[in-house]
Amino acid sequence: MSISLENIPKSVLESYLFSNTPMYLYKHLLSDTYVQELASKFDAERLITEFNDLMDTELDSLEKVAISYSILIALLKKQPVSFKEVFKKLNTTKLEWAAEIIAIGMKQLTPTNTLIINVPGQYRINSENSTTTSLINRK
Amino acid sequence: MEIALETRCRNKIPNYQSNELAIFESNQFDIYKRKYILVNYRTAAIPFYNCHGMTFASRRTGIHDINFLRKILEDDGYIEVSSNEIKEGDVALYYSRSGDIEHSGIVVETPKHGGIFIPRIYSKWGKGFEVVHSIAECPYDATNVKYYRIIR
């Protein structure tokens, strides 16, 4: 099942059409339930394939452009393993704000805080998730 | 393409002129004219500048990095004015709930209707047209609009 170009919510189309800046487009699409569903329903590989398939076509409709940005932002939200390399390989030249949006997404979603916790030696904890990396120093 | 653009304090403002406006985009903008029927549409869709380029760069280019809008306010000497003190020519900035500047325009009318203050704003919607609209008759969230004026 591929991502349909039909029934794209008006909110997504309007976010694209009336966006004044890449930040506006990024934030409005990121908070849109449609993009959240894309991120939860499809794995990163599938989103990359869908995105590349769209880039191989002529972006000749509002739906195609809006869904391309939606997939890009869903992909950023998913933060695939080695996602910096993934985004370097994507052909985004057909999307005017793709580079800016990838930069914004990487800055906003990439872990920026390192939390160092000292715990007693008998404990061994390794914790890592998508937004926070914890380094546990053992004494 | 970027052009030379600086604040009053000679700090560089990143900008670029977009020349991309597909026919389907232009057509879609026309469709929205039917949705916002009380809006005065001044121009056709123009991609070269955005609302911030219209408000702060004389329509020559688009300003797309919102961090530099704050720099312009600071360097150019804008001060915030309360909504009941606004005058024609003041700048209106639409803020999101998270504090981002999402839209800008210039106050062109400050009428009072039955004690309710409803300014009309001259602005531009994305790569679309220049418009004159009442403060909330637009695609942008008008719950947090702040007004600014240069006083010297």
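Residues numbered from 1 in each chain as written. Chains lettered and ligands numbered in written order. Predicted model: local features only at pLDDT ≥ 70, side-chain atom pairs only at ≥ 80, totals over all residues. Heavy atoms only, no water.

Caption draft 1: Structural detail: the overall build of chain B. Helices and strands together make up the secondary structure of chain B, namely 3 helices and 9 strands. Listed N to C, the secondary structure of chain B is α-β-α-α-β-β-β-β-β-β-β-β in terms of helices and strands. Compactness check: chain B gives a C-alpha radius of gyration of 15 Å against a globular reference of 15 Å for 152 residues, within 12% of the reference. Principal-axis analysis of the C-alpha atoms gives chain B an extent of 45 × 40 × 25 Å. (Helix = DSSP H or I, 4+ residues; strand = E, 2+ residues; numbered from the N terminus. Rg over C-alpha atoms; globule rule 2.2 N^0.38 Å.)

Caption draft 2: Broad picture of the pairing of strand S8 (residues 130-134) of chain B. Residue and element names in this part refer to chain B. Judged by how many residues are buried, S8 sits mostly within the fold: 4 of 5 residues are covered. One ladder, built from 2 bridges, connects strand S1 (residues 40-41) with S8; its direction is antiparallel. Bridge pairing links Asn-40 to Val-132 in S8. Note: strand S7 (residues 120-124) against S8, 5 bridges, orientation antiparallel. Paired with Ile-121 across the bridge in S8 is His-133. Between the antiparallel neighbours S7 and S8 lie 5 residues, among them Gly-126 with a positive phi of about 55°. (Buried < 20%, exposed > 50% of the residue type's maximum accessible area, 1.4 Å probe, protein only. Pairing = 2+ DSSP bridges.)

Caption draft 3: The arrangement of the side chain of Asn-15 of chain B in detail. Residue and element names in this part refer to chain B. With respect to the helices, strands and loops of the structure, Asn-15 is situated in the segment before helix H1 (23-32). Here the side chain of Asn-15 touches Ile-3 through a polar contact of 2.8 Å, landing on its backbone oxygen. Polar contacts involving the side chain of Asn-15 include one to the side chain of Thr-61, which spans 2.8 Å. Once you skip the residues sitting within four places of it in the chain, Asn-15 turns out to touch Met-1, Glu-2, Ile-3, Leu-5, Thr-61 and Gly-62. (Polar contact = N/O pair within 3.5 Å; in protein donor to acceptor, adjacent residues only side chain to side chain. Contact = heavy atoms within 4.5 Å.)

Caption draft 4: Quick peek at the pattern of salt bridges. All told, the structure shown has 14 salt bridges over all chains when counted by the stated rule. Across the salt bridge formed by Arg-10 of chain B and Glu-6 of chain B, the nearest N and O atoms sit 3.6 Å from each other. For Arg-10 of chain B, a relative accessible area of 65% corresponds to the exposed category. Using a relative accessible area of 48% as the deciding quantity, one classes Glu-6 of chain B as partly exposed. Note that Lys-127 of chain B is salt-bridged to Glu-25 of chain B, the shortest N-O span being 3.5 Å. Of this pair, Lys-127 of chain B sits in the loop between S7 and S8 while Glu-25 of chain B sits in helix H1, placing them 102 residues apart in sequence. The exposure class of Lys-127 of chain B is buried, given its relative accessible area of 14%. Connected through salt bridges with shared partners, the residues Glu-96 of chain A together with Glu-25 and Lys-127 of chain B form a single ionic network. (Salt bridge = Lys/Arg side-chain N within 4 Å of Asp/Glu carboxyl O.)

Caption draft 5: Main features of helix H1 (residues 10-17) of chain A. With 6 of its 8 residues buried, H1 of chain A lies for the most part within the structure. Regarding H1 of chain A, the residues found buried are Val-12, Leu-13, Glu-14, Ser-15, Tyr-16 and Leu-17 of chain A. The elements touched by buried residues of H1 of chain A are helix H2 (22-30), helix H3 (33-41) and helix H5 (62-78) of chain A together with H1 of chain B.

Caption draft 6: Here's a closer look at the packing of aromatic side chains. Overall, the coordinates contain 11 aromatic pairs over all chains when judged by the stated rule. Between Phe-29 of chain B and Phe-129 of chain B, the ring centres sit 5.5 Å apart and the planes meet at 70°, which makes this aromatic pair edge-to-face. Of the two residues, Phe-29 of chain B is situated in helix H1 and Phe-129 of chain B in the loop between S7 and S8; the sequence distance between them amounts to 100 residues. Of the aromatic side chains, those joined through ring pairs into one cluster are Phe-18 of chain A together with Phe-29, Tyr-32, Tyr-36, Tyr-41, Trp-125 and Phe-129 of chain B. Looking at Lys-124 of chain B, its charged tip hangs above the ring of Tyr-49 of chain B, at a distance of 4.9 Å from the centre. In this structure, Lys-146 of chain B packs its charged tip against the face of Tyr-95 of chain B, placed 4.9 Å from the ring centre. (Phe/Tyr/Trp six-rings, centres within 6.5 Å; stacked < 30°, edge-to-face > 60°. Lys NZ or Arg CZ within 6 Å of the ring centre and 35° of its normal.)

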